[in-house]
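Secondary and tertiary structure notes
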Amino acid sequence: IASTSMSLFRNKYLKDNVFWRHDTWVLDKQFKAVFGGRTEAFNCGKFENYYYYDVRSMYPYIMTKEFPDPHTMRHHYKNTIDNIQHFEVISHVSVECPYMKYPLLPFRTKDKILFPYGTWSEWYTHVELRRAISLGYKITKVHETFYYLKTCKPFKEMILALYDLR
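Here the residue index of a chain counts from 1 through its sequence in written order. Owing to the predicted nature of the model, reporting of local features is limited to residues with pLDDT of at least 70; listing and counting of side-chain atom pairs is limited to 80 or more, with chain, interface and lining totals taken over all residues. Only hydrogens and water are removed before side-chain values are computed, so all heavy atoms of the structure are retained for them.

**Digging into the packing of helix α1 (residues 2-13) against helix α6 (residues 156-165)**
Rule in force here: Only C-alpha atoms enter the line fits that serve as axes; for helices the fit covers just the stretch in contact. Angles between N-to-C directions range over 0 to 180 degrees. Counting from the N terminus, the helices are the DSSP runs of H or I reaching at least four residues and the strands are the DSSP runs of E reaching at least two. By convention, the crossing between two helices is left-handed when the near helix turns anticlockwise from the far helix through less than a right angle, and right-handed when the turn is clockwise. Any pair of residues with heavy atoms lying within 4.5 Å of one another is described as a contacting pair. Residues are sorted three ways: Asp, Glu, Lys and Arg are charged, Ala, Val, Leu, Ile, Met, Phe, Trp, Tyr, Cys and Pro are nonpolar, and all the rest, Gly among them, are polar.
Close contact between α1 and α6 brings their axes to 10 Å; oriented N to C, the two are set at 120°. In the packing of α1 onto α6, the handedness of the crossing is right-handed. Residue-level contacts link S5, L8, F9 and Y13 of α1 to E157, M158, A161 and L162 of α6. For the contact of α1 with α6, the class distribution of residues is six nonpolar, one polar and one charged.

Below you can see the structure in the form of C-alpha cells.
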C-alpha cells in the first residue's frame, strides 16, 4: 500500500518545484527534534462534565496543512529568537522551565524521554518553542537554527481527491 501511494503521489500529484532534501547532516539534525507522542494518563477514574475528541483521519487532515518549502531553507548559528517567532522548522536551544505540574518540552536521555523543569539544551520545533514561551519557558540561548522562508501544501490535492473516493 505504501509503495502504491508513493507511486501515485510521484506520478500524478508531485509538482516539479517540490523535492526531497538529501543532505544527511540536515536530516540528522531535524530528526533530533522528533520525540513522538506523549501518552501519559494524567488522571484516572470516573469523570463528569468533560469533553473528549475522537479525531477521525488525523494523518490525512495533517497532510493537507502547510509544510516547509525545501527550496527556502536557511541555516545559522545566531543567538536570536526572531526566526523562531516568525518561521517554521527547528532550533537547538537552551531553555529554562519554571516549576509546573506538567511541563511541555521533552528531554531525551540515553534510555528514555523526560518532561523536566529546570534548565537544559535540546532540539525543538518552532511550534513547540512558541507554545513553551507562552507557558512561561525562557529561551536562554539559541545555538543553531534551521528555518524556511516559505511553506507549501504538497499533499493537499492528493489527500482531498483520495479522501472523497473512500
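There is more to say after this.
**So, unusual backbone geometry**
Heads up, the rule is: For every residue, the accessible area obtained with a 1.4 Å probe (protein chains only) is divided by the maximum for its type, and the residue is called buried under 20%, exposed over 50%, and partly exposed between those limits.
At N49, a residue that is not glycine, the phi angle is positive and equals roughly 55°. Here N49 is to be found in the loop between α2 (24-31) and α3 (58-63). The exposed category is assigned to N49, whose relative accessible area is 81%. A positive phi angle, near 145°, is found at V89, a position not held by glycine.

**Quick look at the sheet that holds strand β6 (residues 118-125)**
For the record, the criterion: Here, strands pair whenever DSSP counts at least two bridges between them.
If you walk across this open sheet you meet the four strands as β2-β7-β3-β6, and the pairing is antiparallel. Strands with a single pairing partner mark the edges of an open sheet, and in this sheet they are β2 (73-76) and β6. On average, adjacent strands in this sheet sit at an angle of 20° to one another, irrespective of strand direction. Sheet topology places strand β3 (residues 88-97) next to β6; eight bridges connect them, and they run antiparallel. Looking across to β6, one finds that H92 is bridged to W123. Set on the sheet, helix α5 (residues 126-135) makes contact with β3, β6 and β7 (138-148); between it and β3 the angle comes to about 35°.

**Section: the pattern of salt bridges**
Formally: Any carboxyl oxygen of Asp or Glu within 4 Å of a side-chain nitrogen of Lys or Arg constitutes a salt bridge here.
For the structure shown, the criterion picks out two salt bridges. The closest approach of N and O atoms between E144 and K29, which form a salt bridge, is 2.8 Å. One end of the pair, E144, is in strand β7; the other, K29, is in helix α2, with 115 residues separating them in the sequence. Here the two residues E144 and K29 agree in accessibility, since each one is buried. In this structure, E88 engages R130 in a salt bridge whose closest nitrogen and oxygen atoms are separated by 2.6 Å. Here R130 lies in helix α5 and E88 lies in strand β3, a separation of 42 residues in the sequence.

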